[in-house]
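Summary of structural features
Residues per chain are reported as follows:
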Amino acid sequence: MADVTKKSGPLALLLGFVLFVAFETVAYYLLRWATSPLGMADQFQAENTIVPNWVKTVVFLLLHLTLVVVAVLTLSNQLPRRYRGQVMGWFYLSLLMSFLLLIPLFS
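What counts and how
- Residues numbered from 1 in each chain as written.
- Predicted model: local features only at pLDDT ≥ 70, side-chain atom pairs only at ≥ 80, totals over all residues.
- Heavy atoms only, no water.
- pLDDT = per-residue confidence, 0-100.
- Helix = DSSP H or I, 4+ residues; strand = E, 2+ residues; numbered from the N terminus.
- Phe/Tyr/Trp six-rings, centres within 6.5 Å; stacked < 30°, edge-to-face > 60°.
- Buried < 20%, exposed > 50% of the residue type's maximum accessible area, 1.4 Å probe, protein only.

Quick word on the confidence of the model for the protein
This prediction gives the protein a mean pLDDT of 83; 80% of its residues lie at or above 70. Summarising per-element confidence for the protein, the mean pLDDT is lowest in helix α4 (residues 102-106) (85) and highest in helix α1 (residues 10-34) (91).

Thoughts on the packing of aromatic side chains
Across all of its chains, the model carries 5 aromatic pairs by this definition. Judged by centre distance (5.2 Å) and plane angle (70 degrees), the ring pair of Tyr28 and Tyr29 falls under edge-to-face. On the basis of relative accessibility, which here comes to 8%, the residue Tyr28 falls in the buried class. The class of Tyr29 is partly exposed, set by a relative accessible area of 46%. Between Tyr28 and Phe60, the ring centres sit 6.5 Å apart and the planes meet at 75 degrees, which makes this aromatic pair edge-to-face. Of this pair, Tyr28 sits in helix α1 while Phe60 sits in helix α2 (residues 51-78), placing them 32 residues apart in sequence. Overall, the relative accessible area of 0% leaves Phe60 in the buried class. Here the aromatic residues Phe17, Phe20 and Trp90 are joined through ring pairs into a cluster of three or more.

This is the structure in structure tokens:
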């Protein structure tokens, strides 16, 4: 019970940030490759519709959410108890990042 009250220190937060950035980078390039056949490369065509790019957006978001949930479930089972408090913070940040990663995906 003594280890329950211990909090993770700044070094653990820095390591968590580095691992978060690495996870998001790998996830982005993996999902960009997986969704590359979807959507239209040229957004400024005369008869362009939003449907192909909408499909690519939804597939990207769903796959990213799946990767994040699997990572959270795995980490919450594998990490020592004192580091588990960080997992939900990184989870919420990753949900925000999923929408921000759409910008470089379509640029």
